[in-house]
Amino acid sequence: MAVFSVFIFLFLGSVGGFSTKWVSCKANPSELCAPPLANALFSTVAFILGALTSTLSGYLGMKIATYANARTTLEARKGVGEAFIVAFRAGSVMGFLLAANGLIVLFIAIVLFKLYYGNDWTGLYESIAGYGLGGSSVALFGRVGGGIYTKAADVGADLVGKVERNIPEDDPRNPAVIADNVGDNVGDIAGMGADLFGSFAESSCAALVVSSISSFGADRDFVAMSFPLLISSAGIVVCLITTIFATDLFVIKSVKEIEPSLKRQLVISTVLMTLAIAAVCYLALPSTFTINVVGHQPKVVKNWKLFFCVGSGLWAGLIIGYTTEYFTSNAYQPVRDVADSCRTGAATNVIFGLALGYKSVIIPVLAIAVAIFLSFSLAAMYGIAVAALGMLSTLATGLAIDAYGPISDNAGGIAEMAGMPHKVRERTDALDAAGNTTAAIGKGFAIGSAALVSLALFGAFVSRAGIAVVDVIQPKEFVGLIVGAMLPYWFSAMTMKSVGKAALAMVEEVRRQFNTIPGLMEGTVKPDYKRCVKISTDASLREMIPPGALVMLTPLIVGTLFGSSTLAGLLAGALVSGVQIAISASNTGGAWDNAKKYIEAGASDHARSLGPKGSDAHKAAVIGDTVGDPLKDTSGPSLNILIKLMAVESLVFAPFFAAHGGIFFKWLNI
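Attention in this report is confined to the structure presented alongside it.

Conventions used here
- Residues numbered from 1 in each chain as written.
- Predicted model: local features only at pLDDT ≥ 70, side-chain atom pairs only at ≥ 80, totals over all residues.
- Heavy atoms only, no water.
- Helix = DSSP H or I, 4+ residues; strand = E, 2+ residues; numbered from the N terminus.
- Rg over C-alpha atoms; globule rule 2.2 N^0.38 Å.
- Buried < 20%, exposed > 50% of the residue type's maximum accessible area, 1.4 Å probe, protein only.
- Contact = heavy atoms within 4.5 Å.
- Areas by Shrake-Rupley, 256 points an atom, 1.4 Å probe, with all protein chains shown as cover.
- Lys, Arg positive; Asp, Glu negative; His and termini not counted.
- Charge placed at Lys NZ, Arg CZ, Asp CG, Glu CD.
- Axes fitted to C-alpha atoms, helices over the stretch in contact; angles between N-to-C directions.
- Parallel < 35°, antiparallel > 145°, perpendicular 65-115°, else oblique.
- Salt bridge = Lys/Arg side-chain N within 4 Å of Asp/Glu carboxyl O.

## Observations concerning the overall build of the protein
A tally of helices and strands in the protein yields 21 helices and four strands. In terms of C-alpha radius of gyration, the protein reaches 25 Å, essentially the compact-globule figure of 26 Å for 670 residues. Projected onto its principal axes, the C-alpha coordinates of the protein cover approximately 80 × 55 × 40 Å. Classification of the 670 residues of the protein by burial places 61% in the buried group. Looking at the protein alone, contacts between residues at least 24 apart form 83% of all its contacts between residues at least 6 apart. Approximately 24300 Å² of the protein is accessible, and the part contributed by carbon and sulfur atoms is 69%. Put simply, the protein has 47 plus and 46 minus side-chain charges, and the middle of one group is 2 Å from the middle of the other.

## A short note on the side chain of Lys596
Note that Lys596 resides in helix H18 (residues 545-601). Residue classification places Lys596 among the buried positions, given a relative accessible area of 2%. Among all residues touching Lys596, those that are not within four sequence positions of it are Lys162, Glu169, His618, Ala621, Val622 and Asp625.

## Some words on the packing of helix H10 (residues 303-328) against H18
Interhelical geometry of H10 versus H18 gives an angle of 45° and a closest axis separation of 8 Å. The pairing of H10 with H18 is recorded here as oblique in orientation. Judged by residue contacts, Thr324, Phe327 and Thr328 of H10 engage Asn587, Gly590, Ala591 and Asn594 from H18.

## A word on the pattern of salt bridges
Here the structure, examined in full by the defined rule, presents 27 salt bridges. Note that Glu75 is salt-bridged to Lys78, the shortest N-O span being 3.1 Å. A relative accessible area of 56% means that Lys78 is categorised as exposed. One salt bridge connects Arg608 with Asp605, and the closest N-O pair in it is separated by 2.6 Å. Taken as a pair, Arg608 and Asp605 lie in helix H19 (residues 605-610) at a separation of three residues, close to a single helical turn. In this structure Arg608 comes out as partly exposed when scored by relative accessible area, which is 48%. In this structure, a network of salt bridges that share partners links the residues Lys151, Asp154, Lys443, Asp593, Lys596, Lys597, Asp625, Asp629, Lys632 and Asp633.

As structure tokens, then:
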């Protein structure tokens, strides 16, 4: 982060030759705007702020999760309802912390930057874009590093413990068990939190940049320009009200009520948020305003149109959530078909799982497409930016549901390792099964919002770089498009191989301990947990550098050598292919995981005909689950950061690319 902040300062400072003189504004030449050096300095400060806020959010999330997991185990002795409330409230604390932290730091930064910028709103919001870049940079390392950490431990623990040694999950005799439980927090709590914080910061920054060059900026209407922040703050209030429904109004008495209660959260928050959006649109926005579109006529927009823009994003999020749930929950036919395919071995399981993942892309992509078309038709690029904020407006509830999963998973691990009664483990497993589905819903939300966010950032980049039209028939743009579409595959290959290498080292270490430590299988001697934790930690720190470098350096290299037009094509290509791969990878992995759990639980006649644990069908399901682990927890979720981070980075560096980019084409006189 330190190295990259120097990059930002040098690249942006060089645009005006490190000049400290105020310059005449583009929009209104009679007024003075901040010098390029000030923009470079403030962008760097915003970048560091975003990075620190994201790091703090991940750290606090892990603190809360590790406080709550043992408490959840203890409450599970009394009953499943009591354990659910502890796990859900802990998730809620993380959700509200993250949403509120992101909002307050952003607002304070705007107020402080305003002291210097005065009425230069365009300069102020363009420098604030660094906040989104900082948040997403940390999220990239959190997601990739966390994903490698958790999956290396998980794959190692499962392959040797369950398949080879036939011992239960989270058995304290397994040397990788501690690393596996720690990994749940690293990947699902810190990684997911940083990811959604990045989405929130970027969509806010994209909306603010576009609003500053609209009539809001010209009229200096601070309330209207703060519309994106007002939506997020209304979302926090709505989520507070929604949380009461889960913990106080509808008390859980049996296992069957857990999943419906979590899904009810999504519906209640979406309905309440729709009403809140209507109020914010009516109170904060002028009845009519104009949005400037580069190279086109300004678009006249009425305030009720923005209600539909934000609402389309919000409801598209709900549709994506429910579609994800249908394809990854073992309550429905798709996952049961995958479980059934295990009868004939692992190969058919893999084939069915892949087919399910590809098929699950259809409805989310259509939902995103409808939201984009509606938003763009009503309010141009500003519409898309606020649609992304609409999808993220119920962020606190989404994160609560998501963080609940790993807390429950850890609670089960603690119950097993502490040798608690079997009924406690059954209750924590029931909480965990519901958490698996809701984690898949959370990933669906993250990917859907990433698509809208990166498109909004793309619009802000195009307007800031002064590109009137992105014409894919032109060779520069088309080359960018096709290379951009390849990047998610390259990135996925890197992350998958990293997990494979780390898992290989973990498997060898776990086997070595089982073979060389006498009394380990009998439970009379403790394994060396520290070595396994060290393998996961070292692998994640080492292996996250190459994929991180690919994402961080590609926009800089392409923009500098080939110019803004090729970079615009690159961003479009990465967005289009990245979303598809991310959704299919996450859902394939989620389906394999729940197919395995369906066989293990043996809750129906069909499931019992495939089981019990240790049967051939169960072994095939475990192999599918192991293959799916890096897909659903490393490659899939990391891809949404790839598409967002490249877009926000291009936005921050846009002035440099516009002034000095395209060196290679200039040299060739093209």
